[in-house]
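Fold and geometry: a report
Okay, here's what each chain looks like letter by letter:
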Number of protein chains: 2
Amino acid sequence: MDKSVFRTLTYGMYVLATRNGDNYSGCIVNTVFQLTSEPPIIGVSVSKDNYTHDLIMKEKTFTASIISENTPVAVINTFGFRSGRKINKFENFQYKMLPSNLPYVTEKTCGWLECEVMETVELPTHTVFISKVLDSGVLDRETPMTYAYYHHVIKGNAPKNAPTHLTEDVPDPTKPADENDAGDKTNATAGAAKEKRMAYVCSVCGHIYDGDIPFEQLPEDWMCPTCGEGKENFILKEI
Amino acid sequence: MDKSVFRTLTYGMYVLATRNGDNYSGCIVNTVFQLTSEPPIIGVSVSKDNYTHDLIMKEKTFTASIISENTPVAVINTFGFRSGRKINKFENFQYKMLPSNLPYVTEKTCGWLECEVMETVELPTHTVFISKVLDSGVLDRETPMTYAYYHHVIKGNAPKNAPTHLTEDVPDPTKPADENDAGDKTNATAGAAKEKRMAYVCSVCGHIYDGDIPFEQLPEDWMCPTCGEGKENFILKEI
């Protein structure tokens, strides 16, 4: 099996959001897909490790806000890489409330869907929520962000619990061969013998520490610049 | 509900293919999505009206070939708009066979997935095939075709039985307002009072006849230039 072909499947980027008592929580997903047109039914795959997963299981309703190319990257970093168990992800972003008391993000998003879970499909690591679209709206006239744009232009990665997560040694067949070989990464498929090195890597989001101060000398309250998680989540590994 | 927001969900384009006795059949879908990474599991939504649907129900295995921007449009028109009940869709295209005797299309496609159905989800008009990826391969180093590219650049439409089918009066919020108003289409959301006209429209693929010869005078064996279906499938309607 050549897993690099999974990099050629096309996805968008979405903020899923639901209620959490008197507050709200949400996460980033790239697998929102329409399953039928009449009535409009969508599917979405969410990791069982994700706090939003447990809340959707309980509430049975959620919104999906459609991220555009102009949605601030901070929205993706906060909703995608930080845990709603620890912070209120909505705190620093613009959002609106539906009459059903569900929030949707309005940071240059293309629009929103309000959904009700009809059926769940249990898979080993994820649950697929098969959901009826109750209502929907258009917001900004923006170009929807594709996962390819996020990966190639913004240089973002999928976190470990994304349905589409691939380790960094899986090359991207849509890029020229020399780009896959660039940098210090090992290209497993091409078999190029690149020099490896040790680096501190964030186990939450994959950020590679490359600062001037030696990692060990960073203050204890230093946080990952990508996902905001603490220094204790970094692991020294060969890259 | 503002259905035009569905135009901002992002999809790729794929040829699904399976066995049909000693032959093969296939169709175009835009809803192939990865559900879990380890093990690799995908979902795909297929219309119950589709011949390939019935064959996958029987065979429980299929391939998905990932269409690129350089895949000939004839592949999409043949696999997307013609019926495998009437023609051998593979006849005019390049394809290869897997050891399991399943075909995949090699016309500038990015790669292929070989899948085995684990579970089906029955929806009113479609079945969602939750399927294990048994094997996969990379073919050409091409840019995957997004549905947006197909819709905006190639000017293609989703057939009536696609999960993402929208009637032509649903505007596209990713286009400038004047593009949505252009031509003779009525823009239901903007409420622009455009002049309507009567035209012959293919009920299979939505092609609008705009030739110099009056439609009634076309020979009886004339075929729709988009989907190849006969003259009898055209309906005179207001557009």
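Please refer to the structure higher up on the page.
First things first, this report covers the structure right here in the doc.

Thresholds, definitions, all that
Residues take numbers from 1 onward in each chain, read along the sequence in its written order. The order in which chains are written sets their letters, starting at A; the order in which ligands are written sets their numbers, starting at 1. Totals for whole chains, interfaces and linings use every residue, but because this is a predicted model, local features are given only for residues with pLDDT of at least 70 and side-chain atom pairs only at 80 or more, for both listing and counting. In computing side-chain properties, one takes all heavy atoms of the structure into account and sets aside hydrogens as well as water. Only DSSP runs of H or I with at least four residues qualify as helices, and only runs of E with at least two residues qualify as strands; both kinds are numbered from the N terminus onward. Throughout, exposure labels follow a simple rule: accessible area from a 1.4 Å probe, protein chains only, divided by the maximum for the residue type, with under 20% read as buried, over 50% as exposed, and the rest as partly exposed. Residue contacts are defined here by distance: any two heavy atoms, one from each residue, within 4.5 Å place the two residues in contact. Pairing of aromatic rings covers Phe, Tyr and Trp, the last counted by its six-membered ring, and requires centre-to-centre distances within 6.5 Å; plane angles under 30 degrees mean stacked, over 60 mean edge-to-face, and any other angle means tilted. The criterion for a charge sitting over a ring is simple: Lys NZ or Arg CZ within 6 Å of the ring centre, and within 35 degrees of the ring normal. The criterion is simple. A nonpolar core is a set of buried Ala, Val, Leu, Ile, Met, Phe, Trp, Tyr and Cys residues joined through side-chain atoms within 4.5 Å. Bear in mind that the domain bounds are from an automatic or database domain assignment. Criterion for a salt bridge: a side-chain nitrogen of Lys or Arg within 4 Å of a carboxyl oxygen of Asp or Glu. What gets called buried area is simply the loss in accessible area from a 1.4 Å probe that two parts show on being joined, summed for both. Working definition: the arc comes from the directions between the helix axis and the C-beta atoms, pointing outward to the latter. Within 3.5 Å is the distance limit for a polar contact, defined as a pair of N or O atoms, with the added protein rule that one can donate a hydrogen and the other accept it, and that residues adjacent in sequence qualify only through two side-chain atoms. All copies are superposed by least squares; the fitting set is the C-alpha atoms of residues with a pLDDT of at least 70 in both. Note on pairing: two strands pair once DSSP finds at least 2 bridges between them. Helix axes are fitted only over the stretch in contact, all axes being lines through C-alpha atoms; the angle between N-to-C directions runs from 0 to 180 degrees.

1. Some remarks on the overall build of chain A
- Across its full length, chain A holds four helices and 11 strands.
- Expressed as a percentage of its 239 residues, the buried residues of chain A come to 55%.
- By sequence separation, contacts in chain A at least 24 residues apart represent 61% of the contacts at least 6 residues apart.

2. Overview of the packing of aromatic side chains
Residues and elements named next belong to chain A.
- With the rule as written, the count across this model stands at 27 aromatic pairs over all chains.
- Ring centres of F215 and W222 lie 5.8 Å apart, and the angle between their planes is 85°; on these two criteria the pair is classed as edge-to-face.
- F215 sits in the buried class, given a relative accessible area of 6%.
- Each member of the aromatic cluster is reached from another via a ring pair, and the members are Y24, F79, F90, F93 and Y95.
- If you follow K231 out to its NZ or CZ, it ends over the ring of F215, 5.6 Å from the centre.

3. A word on the nonpolar core
- Within the largest apolar cluster, 110 residues are counted, with the highest numbers of intra-cluster contacts made by L16(A), L113(A), L16(B) and L113(B).
- When residues of this core are assigned to domains, at least three map to each of domain 1 (3–148) and domain 2 (195–239) of chain A.
- What L113(B) contacts, discounting residues up to four positions off in sequence, is V5(A), F6(A), L9(A), V32(B), I42(B), F62(B), T63(B), A64(B), V133(B), D135(B) and S136(B).

4. Some points on the pattern of salt bridges
Residue and element names in this part refer to chain B.
- Overall, the coordinates contain 10 salt bridges over all chains when judged by the stated rule.
- Among the salt bridges present, the one from K108 reaches E142, with a minimum N-O distance of 3.7 Å. On the criterion of sequence distance, the pair formed by K108 in the loop between strand 7 (103–105) and strand 8 (111–122) and E142 in the loop between strand 9 (126–138) and helix 3 (147–152) is long-range, its members being 34 residues apart.

5. Description of the interface of chain A and chain B
- The partner chain B presents 61 residues to the 61 residues of chain A that form the contact.
- When chain A packs against chain B, the two sides together hide about 4,700 Å² of surface, and 64% of this comes from carbon and sulfur.
- On the chain A side of the interface with chain B, the three residues burying the most area are T10(A), Q34(A) and R141(A), jointly 14% of the side's total.
- Between chain A and chain B we count two salt bridges in total.

6. Quick notes on helix 1 (residues 51–59) of chain B
All names here are of chain B.
- Buried within helix 1 we find T52, H53, L55 and I56. Summarising the axial view, the buried residues of helix 1 lie within an arc of 165°, below the 170-degree limit, and thus occupy one face.
- Considering only its buried residues, helix 1 is in contact with strand 1 (14–20), strand 2 (23–29), strand 4 (41–47), strand 5 (61–66), strand 8 and strand 9.
- Near the N-terminus of helix 1, the side chain that reaches the backbone nitrogen of T52, with its oxygen 3.3 Å away, is that of N50.
- Positive phi appears at K60, one or two residues downstream of helix 1, with a value of about 65°.

7. A short note on the relation of the copies chain A and chain B
- With an RMSD of 0.1 Å, chain A superimposes on chain B once it is rotated by 180° and translated 0.0 Å along the axis. Here the symmetry operator amounts to a two-fold rotation axis. If distances are taken from each C-alpha of chain A to the rotation axis, the shortest is found for Y11(A), at 2.8 Å.
- Most of the interface of chain A is mirrored in chain B, where 100% of its interface residues are also at the interface.

8. Concerning the pairing of strand 9 of chain B
All names here are of chain B.
- Relative to strand 9, strand 4 runs antiparallel, the two sharing seven bridges. In the sheet register, G43 faces strand 9, and the bridge partner there is I130.
- Both strand 8 and strand 9 contribute to a ladder of 11 bridges, which runs antiparallel. Within strand 9, the residue paired with C115 across the bridge is V133.
- Linking strand 8 back to strand 9 in an antiparallel pair, the connection comprises three residues.

9. What about the sheet that holds strand 9 of chain B?
Residues and elements named next belong to chain B.
- Pairing in this open sheet of seven strands is antiparallel, and the strands run 2-1-5-8-9-4-3 from one edge to the other. Strands at the two margins of the open sheet, each flanked by one partner only, are strand 2 and strand 3 (32–36). Across the sheet, the mean angle from the axis of one strand to that of its neighbour is 35°, orientation sign disregarded.
- Sitting on the sheet, helix 1 touches strand 1, strand 2, strand 4, strand 5, strand 8 and strand 9, and the angle it makes with strand 1 is about 60°.
- Its contacts with the sheet place helix 2 (residues 73–81) against strand 1 and strand 2, and it is angled at close to 105° to strand 2.

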